[in-house]
Amino acid sequence: MKNVRKWCGILLLSGLLLLAACMVLSFAGCSGPDRASVSSGASAEPGVSDAQDAEILLSRSESRSVYGVEAPSAEDGRLLVSQEIDQVPSEPSEPEMEEESAASQGMPEQGEAVMLAKRTQPAQPVEGEARGVWFSYLTLGPLAENKTQAEFTSNIDTAFGKIADEGFNTVFAQVRPFADALYQSDYFPWSYLLTGTEGENPGYDPLEIMCEIADKHGLRIEAWINPYRVRLSGYKDALSSKNQARKWLKSGSDSVVEWNGGIYYNPGSAQARALIVNGVKEIVANYNVDGIHFDDYFYPTTDMAFDQATWRAAKSSLPQADWRRENVNQLVREVYAAVKSIDPNCLFGISPQGNTQNNYNGQFIDVEKWLANPGYLDYICPQIYYGFENGTNPYAQTVEKWDRMIKVPTIKLYVGIAAYKLGTEDQWAGAGSGEWLNTEDILARMVETARKASHYGGFAIYSYDSLFSTDTPQVRIERENLKKIL
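Worth saying up front: this structure is predicted, and the values here are computed from it rather than measured. (Residues numbered from 1 in each chain as written. Predicted model: local features only at pLDDT ≥ 70, side-chain atom pairs only at ≥ 80, totals over all residues. Heavy atoms only, no water.)

Novice: So what about the sheet that holds strand 9 (residues 262-265)? Which residues, and what values?
Specialist: Judged by pairing direction, the sheet is antiparallel, and its 3 strands sit side by side in the order 7-9-8 without closing on themselves. A single partner strand is all that each edge strand has here, and the edge strands are strand 7 (229-231) and strand 8 (256-259). Along the sheet, successive strands turn relative to each other by an average axial angle of 25°, direction set aside. Both strand 7 and strand 9 contribute to a ladder of 2 bridges, which runs antiparallel. (Pairing = 2+ DSSP bridges. Helix = DSSP H or I, 4+ residues; strand = E, 2+ residues; numbered from the N terminus. Axes fitted to C-alpha atoms, helices over the stretch in contact; angles between N-to-C directions.)

Structure (structure tokens):
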């Protein structure tokens, strides 16, 4: 009995001591999560050294803390903020965190809290972010063909107004789709898209009007060019007498090649390269464009017969595949130099396919070389047209892959996003084939994911028609959710 009374006394004393300790901690604690406060001595400016590891209590009614960190939801409780927030891995180190909220675990350790915030909160807009829409010739054609200047101006004003109203700031307007021009050119004939006949003057300058309307709506505009394509297989629109490709075909020059029913400028021809470069120069010199933009079409075939005679005549020491890549490299270097010689502030960027192997072995372009050496590009805009669940090239991992390829600090990564896939089955995505069918925010999530890339500079949506001419409930919801983060 003595022993029982002894142990009861000990337990009673321990309980009293524990109760006293809890009361002391309660009175010494902070004032609760209904307001924001910074620990004593911490600066209110982000990035100041004495603010590191400062404890912040976030208000449920405020969207941001004094450090610019997104406030967590009501279930997340407190957050410890460090200057190293962007360098903390986005995935939790402990698997239990995926099942339990911060509140249920109590105050987390610093690393765990930051990881929670990075995983659950949207990435913030990046200063100077390019928010682009591709405005292809398929869109421009109906807006321009057989239209008066007033009609075309009105059409572009409406279209660019929609782009600006949704929070975008850049238009990639395709002004040379088939070795022709939607502008006054000394090197290329007027596009058949304007009047139905190549070489026929529409009576006004579409690019000049687009530049003026872009400026009116506060939009950047880049002139989108397909450098080598003259005509696709099965074309019906005749080449005008002013078309340089027709002149070279008649003379037997290898600067242009007829292949499988199509016509293409020969990347191995110095004459063809000079024509393309001169065409870029006149755009930069004569129009108020913010950039020159190439798409993903380079060599039209992997068949070496396409330019084997040109390769042999060049007597190059390089294998034909490498020779092809160097031909494109030379054009890219010359275009970059030409742009900068006229307007150092004008950008030059290229939008290759998202699949790097297709680029290297199919298009014969050495993108890694461009991204590892100065003098090629201001930005790269890979067409990462894959969903997060794509079985071969999942979106997030593909963005990371492209980000790692960039070795030149001044080169920015723009991410091309496939709005055209909304509401469709992605037949090449494997297990992720149904990912685009019933989405509501996949575009917004893709932008937020891209914003975490270290070289990130912006994004581009393909295409205008997919966002603004496709009027379905899904597209409207996707557009609304995208606008919320812009």
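Novice: Which residues make up the nonpolar core, and what values do they have?
Specialist: Ranked by internal contacts, the top residues of the largest apolar core, which has 122 residues, are Phe160, Tyr265, Phe294 and Trp370. The residues contacting Phe160, other than those within four sequence positions of it, are Phe135, Val171, Met210, Ile213, Ala214, His217, Leu219 and Ile221. (Core = buried A, V, L, I, M, F, W, Y, C linked by side-chain atoms within 4.5 Å. Buried < 20%, exposed > 50% of the residue type's maximum accessible area, 1.4 Å probe, protein only. Contact = heavy atoms within 4.5 Å.)

Novice: Now, about the sheet that holds strand 11 (residues 347-350): what can you tell me, with residues and values included?
Specialist: In space, the 8 strands of this closed barrel follow the order 4-5-6-10-11-12-13-14, with parallel pairing throughout. Relative to strand 5 (residues 170-176), strand 4 (residues 130-135) runs parallel, the two sharing 4 bridges. Opposite Phe135, over in strand 5, you have Ala173 as the bridge partner. Where helix 4 (residues 137-144) meets the sheet, it contacts strand 4, strand 5 and strand 14 (456-462), and its direction lies at approximately 60° from that of strand 4.

Novice: So what about the packing of helix 5 (residues 149-165) against helix 7 (residues 206-216)? Which residues, and what values?
Specialist: Relative orientation of the contacting elements helix 5 and helix 7 amounts to 40°, with a least axis distance of 10 Å. The angle between helix 5 and helix 7 places the two elements in the oblique class. Viewed along their axes, helix 5 and helix 7 form a crossing whose handedness is right-handed. Mapping the contact onto sequence places Gln149, Phe152, Thr153, Ile156, Asp157 and Phe160 in helix 5 and Pro206, Ile209, Met210, Ile213, Ala214 and Lys216 in helix 7. Class assignment of the residues belonging to the contact of helix 5 with helix 7 gives a composition of 8 nonpolar, 2 polar and 2 charged. (Parallel < 35°, antiparallel > 145°, perpendicular 65-115°, else oblique. Left-handed = near helix turned anticlockwise from the far one by under 90°. Nonpolar A, V, L, I, M, F, W, Y, C, P; charged D, E, K, R; others polar.)

Limitation: the analysis is restricted to geometry and does not speak to function.
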